[in-house]
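# Inside the fold
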Amino acid sequence: MYLVRIRNIEFEVSVHAAKRMLQRFISEEMVIETVEQGMLIDQPHGIDLYEHQLYDPEDQQLRVIRVAVNLKERTIVTVFDDEDTDYDFS
C-alpha cells in the first residue's frame, strides 16, 4: 500500500487497487485526475465511484477510467477501465 494526495487529502491505495493499476496500465496521475475531475456516481454500498474520460497518448485513444473510493476510510479500493466487464470491489 502507498499514499496519493488528492485535493490535499492523503488516500491509501489498497494492494488490490495497486495490482489493478499495474494490470490495466492505469497510472497514479490517471487515478488522481479521475477523482479530481471525474463524474461522481454514488454507490449504494458506501463506496463512491468516479468516472472520467482520458486520452491515452500511448494507445492514441480515449479511455474511460473508473476509481472506487471509500471516502470514510480515505482508501482507493480499486480501479478499472472501459475494457473491464467484472467490477470487483474486494
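Before any of the text, the structure's been laid out above.
This write-up is about the structure you can find in this document. (Residues numbered from 1 in each chain as written. Predicted model: local features only at pLDDT ≥ 70, side-chain atom pairs only at ≥ 80, totals over all residues. Heavy atoms only, no water.)

## Some thoughts on the overall build of the chain
From N to C terminus, the chain includes 2 helices and 6 strands. Helices and strands in the chain line up, N terminus first, as β-β-α-α-β-β-β-β. Oriented by its inertia axes, the alpha-carbon framework of the chain measures out at about 35 × 25 × 25 Å. By residue count, 46% of the 90 residues in the chain fall in the buried class. Within the chain, residue pairs in contact and separated by at least 24 positions form 38% of the contacts whose partners lie at least 6 positions apart. Here the chain displays about 5700 Å² of accessible surface, and carbon together with sulfur accounts for 48% of that area. If you average the places of the 9 positive and of the 19 negative side-chain charges in the chain, the two averages end up 6 Å apart. (Helix = DSSP H or I, 4+ residues; strand = E, 2+ residues; numbered from the N terminus. Buried < 20%, exposed > 50% of the residue type's maximum accessible area, 1.4 Å probe, protein only. Contact = heavy atoms within 4.5 Å. Areas by Shrake-Rupley, 256 points an atom, 1.4 Å probe, with all protein chains shown as cover. Lys, Arg positive; Asp, Glu negative; His and termini not counted. Charge placed at Lys NZ, Arg CZ, Asp CG, Glu CD.)

## Remarks on the layout of surface pockets
In this approach the atoms are scanned with a rolling probe the size of a water molecule, which exposes any empty space left behind. Approximately 180 Å³ is the volume attributed to the largest pocket. As for the largest pocket, its lining consists of 10 residues, and the residues nearest its centre are Arg 24, Phe 25, Asp 56, Asp 59 and Arg 63. Residue composition of the lining of the largest pocket, by class: 1 nonpolar, 1 polar and 8 charged. (1 Å grid on protein atoms, 1.4 Å probe; cavity = no way out; pocket = protein on both sides within 12 Å on 5 of 7 lines; lining within 4 Å. Points joined across faces, edges and corners; volume = space filled by probe spheres on them. Nonpolar A, V, L, I, M, F, W, Y, C, P; charged D, E, K, R; others polar.)

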